[in-house]
Amino acid sequence: MTVPEPHATGNSHALRDTAAAMIAGDKGLLAIDESNATCNKRFAPLAIPQTVEARRTYREWILTTPGLADAISGVILYDETIRQQKGDGTPFVRAIIDAGMIAGIKVDIGAKEMAAHPGERITEGLDGLRDRLAEYARMGARFAKWRAVLALTDVVPSRGCIEANAHALARYSALCQEALLVPVVEMEVLMNGPHGLDKCRAVTEHALHALFDQLVMQRVVLEGILLKPNMVLPGLGCAVQSGVDEVADATVHCLLRTVPAAVPGVVFLSGGQASELASKRLNAMNGRFKARLPWALSFSFARAIQEPALAIWRGEPANVLRAQKALLHRARCNQAARRGTYSPLVETASLQG
Ligand code: 13P
């Protein structure tokens, strides 16, 4: 047997530099990489038109929020979005770079029902990925994202589903590194269900072990990835909703048992948590453990940053300034959570500031 060795040694400095820039200081990532279907789903209850132009307008005001780059290091785009421009013709990628942020791109094509695995999904998108990554890199992207999802019930996730998704994530990661794009490796244990905190911890731990096993097997340079996991949480239907510190302890202990110290950063997804709760939980992790951790703990939120702002905007030009303020507010709150200095005071102060 030959020992797997990271293959991208010649490229690893560039990858490390990009990963380091993505988690530098107290900034985090902003995900605006919803597929058209998901973006339309978010627009529908607010009666926002589900059109290309409405999605473009939405992303434009998000990206041009004054001060966004003070709290956000990188922005994840979707295929439609990376090809779009601001009203004045400036490509979105150029606007991101000019603002001092890094552009990234979601490259999976979605989680599809998995054959022979009822209730489970496998993320697709490996076919033709090498060419797509090369095109995105030419367009100015420096990192990519791929999301695998694991449902949690009494009978799932199955070993087959965990292994297949971990394998796909590892193959995606190797292709990204070949193209000099930092892979953001997302493995999400979903929050739906009545399960408790311990069950989520056990399943997340198992899934992350399988993931890193595959990453090593596929010769991925661990120093040149970011991990995007779920926080360890009780299910939404669980009668016992654990406290913030309990969630912080369970999440950090799970990561310490699974994520190699070579990985530079962990950027959490928000997964449908209320915005303030996501900030509180990230803050508790950094406040309690930051000095003792080998990797940075940061954020790569979509809903937990966008939701309050989207609810203000509602597709109305007259609401854009207020919506931008709300977006920046959530970005700043999460920036404080990265430092471990988020508090009710920050929650009110940064809204006024
Ligand atoms: P949420 O923060 O809404 O869970 O989205 C995470 C994500 O994968 C977006 O890139």
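Parameters and conventions
- Residues numbered from 1 in each chain as written.
- Predicted model: local features only at pLDDT ≥ 70, side-chain atom pairs only at ≥ 80, totals over all residues.
- Heavy atoms only, no water.
- Helix = DSSP H or I, 4+ residues; strand = E, 2+ residues; numbered from the N terminus.
- Rg over C-alpha atoms; globule rule 2.2 N^0.38 Å.
- Buried < 20%, exposed > 50% of the residue type's maximum accessible area, 1.4 Å probe, protein only.
- Contact = heavy atoms within 4.5 Å.
- Areas by Shrake-Rupley, 256 points an atom, 1.4 Å probe, with all protein chains shown as cover.
- Arc of directions from axis to C-beta.
- Axes fitted to C-alpha atoms, helices over the stretch in contact; angles between N-to-C directions.
- Parallel < 35°, antiparallel > 145°, perpendicular 65-115°, else oblique.
- Left-handed = near helix turned anticlockwise from the far one by under 90°.
- Nonpolar A, V, L, I, M, F, W, Y, C, P; charged D, E, K, R; others polar.
- Pairing = 2+ DSSP bridges.
- Right-handed = clockwise from strand over helix to strand, strands pointing away.
- Core = buried A, V, L, I, M, F, W, Y, C linked by side-chain atoms within 4.5 Å.
- Polar contact = N/O pair within 3.5 Å; in protein donor to acceptor, adjacent residues only side chain to side chain.
- Salt bridge = Lys/Arg side-chain N within 4 Å of Asp/Glu carboxyl O.
- Phe/Tyr/Trp six-rings, centres within 6.5 Å; stacked < 30°, edge-to-face > 60°.

Colleague: Describe in detail the overall build of the protein, supporting the description with residues and values.
Modeller: Each helix and strand counted, the protein has 13 helices and 10 strands in total. In terms of overall size, the protein behaves like a compact globule, its C-alpha atoms giving a radius of gyration of 19 Å where 353 residues would be expected to give roughly 20 Å. Principal-axis analysis of the C-alpha atoms places the extent of the protein at approximately 60 × 45 × 40 Å. When burial is assessed residue by residue, the protein has 56% of its 353 residues classed as buried. Partitioning the intrachain contacts of the protein with sequence separation of at least 6 by distance along the chain shows that 78% fall at a separation of at least 24. As displayed, the protein offers around 14,400 Å² of accessible surface, 54% of which is attributable to carbon and sulfur atoms.

Colleague: Could you give an account of helix α2 (residues 36–43), naming the residues involved and the relevant values?
Modeller: Along α2, the residues that are buried comprise Cys-39, Asn-40 and Phe-43. Taken around the axis of α2, the buried residues stretch over an arc of 100°, which confines them to a single face. For α2, exposure combined with an orientation more than 90 degrees from the buried face picks out Ala-37 and Lys-41. Check the buried side of α2 and you find it contacts α3 (52–63) and α11 (303–313).

Colleague: How would you sum up the packing of helix α6 (residues 129–139) against helix α7 (residues 159–178)? Please name residues and give values.
Modeller: α7 packs onto α6 with a crossing angle of 40° between their chain directions and a minimal axis gap of 9 Å. Judged by the angle between their axes, α6 and α7 are oblique. The chirality of how α6 crosses α7 is right-handed. Residues Leu-129, Arg-130 and Leu-133 of α6 form the contact with α7, whose own contacting residues are Tyr-172, Leu-175, Cys-176 and Glu-178. Here the residues of the contact of α6 with α7 sort into 5 nonpolar, no polar and 2 charged.

Colleague: Break down the pairing of strand β10 (residues 296–301) for me, citing the residues and quoting the values.
Modeller: Each regular strand displays side chains that alternate between the two surfaces of the sheet. For β10, the buried fraction is high: 6 of the 6 residues fall into the buried class. Of the two faces of β10, the one holding Ala-296, Ser-298 and Ser-300 and the one holding Leu-297, Phe-299 and Phe-301 are both buried throughout. Across 2 bridges, strand β1 (residues 28–31) lies against β10 in parallel orientation. Note on β10: the bridge partner recorded for Leu-30 is Phe-301. Since strand β9 (residues 265–268) and β10 lie parallel, the crossover through helix α10 (residues 275–289) that links them has a hand, and here it is right-handed.

Colleague: Mind laying out the nonpolar core, listing which residues take part and the relevant values?
Modeller: Ranked by size, the top nonpolar core spans 102 residues in total, and within it Tyr-172 and Leu-297 carry the most contacts. Element by element, the count of residues in this core is highest for α7, at 10 residues. Filtering out sequence-adjacent residues up to four positions away, Tyr-172 remains in contact with Val-107, Leu-126, Leu-129, Ala-144, Lys-145, Trp-146, Pro-183, Val-184 and Val-185. Counting residues in hydrophobic clusters, the runner-up holds 15 residues, among them Ala-19, Met-22, Ile-76 and Phe-143.

Colleague: I'd like to hear about the environment of Leu-222, residue by residue, with values.
Modeller: Along the chain, Leu-222 turns up in the loop between α8 (197–217) and β8 (226–229). Sequence separation between Leu-222 and Ala-262 is 40 residues; the distance between their C-alpha atoms is 5.8 Å. Residues in contact with Leu-222, not counting those within four places in the same chain, are Phe-212, Leu-215, Val-216, Pro-260, Ala-262, Val-263 and Pro-264.

Colleague: Describe in detail the side chain of Ser-35, supporting the description with residues and values.
Modeller: Looking at where Ser-35 falls in the secondary structure, it is placed in the loop between β1 and α2. Side-chain polar atoms of Ser-35 contact the side chain of Thr-38, separated by 3.1 Å.

Colleague: An account of the pattern of salt bridges is needed here, citing residue identities and associated values.
Modeller: Tallied over the entire structure, the rule returns 21 salt bridges. Residue Glu-60 pairs with Arg-56 through a salt bridge whose shortest N-O separation is 2.7 Å. Linking Glu-60 with Arg-56, this pair stays in helix α3, spanning 4 residues, or about one helical turn. Arg-56 shares its class with Glu-60; the two are buried. In this structure, Arg-147 and Glu-188 form a salt bridge, with 2.7 Å as the shortest nitrogen-oxygen distance.

Colleague: Residues and numbers for the pairing of β8, please.
Modeller: Alternating positions in β8 separate into two faces, Leu-226 and Lys-228 on one and Leu-227 and Pro-229 on the other, with burial throughout. On the question of chirality, the crossover connecting strand β7 (residues 182–189) to the parallel β8 by way of α8 is right-handed. Pairing of β8 with β9 involves 2 bridges; the strand directions are parallel. Across the sheet, the residue bridging to Leu-227 is Val-266, located in β9.

Colleague: Would you mind going over the packing of aromatic side chains in detail, with residue names and values included?
Modeller: This model, assessed by the stated rule, comprises 7 aromatic pairs. Site record: aromatic cluster; members linked through ring pairs are Phe-43, Tyr-58, Trp-61 and Trp-313.

Colleague: Before we move on, could you go through the sheet that holds strand β3 (residues 102–106) and cite the residues and values that matter?
Modeller: By definition, the strands of a sheet pair up through backbone hydrogen bonds, in either a parallel or an antiparallel sense. With respect to topology, 8 strands assemble into a closed barrel ordered β1-β2-β3-β6-β7-β8-β9-β10, the strand pairing being parallel. Taken pair by pair, the neighbouring strands of this sheet meet at an average axis angle of 25°, ignoring direction. Across 4 bridges, the pairing between β7 and β8 is parallel. Across the sheet, residue Glu-186 finds its bridge partner in β8, namely Lys-228. Contacting β9 and β10, α10 crosses the sheet at an angle of about 170° to β10. Of the strands in this sheet, β1, β2 (72–77) and β10 are in contact with α11, which crosses β10 at around 40°.

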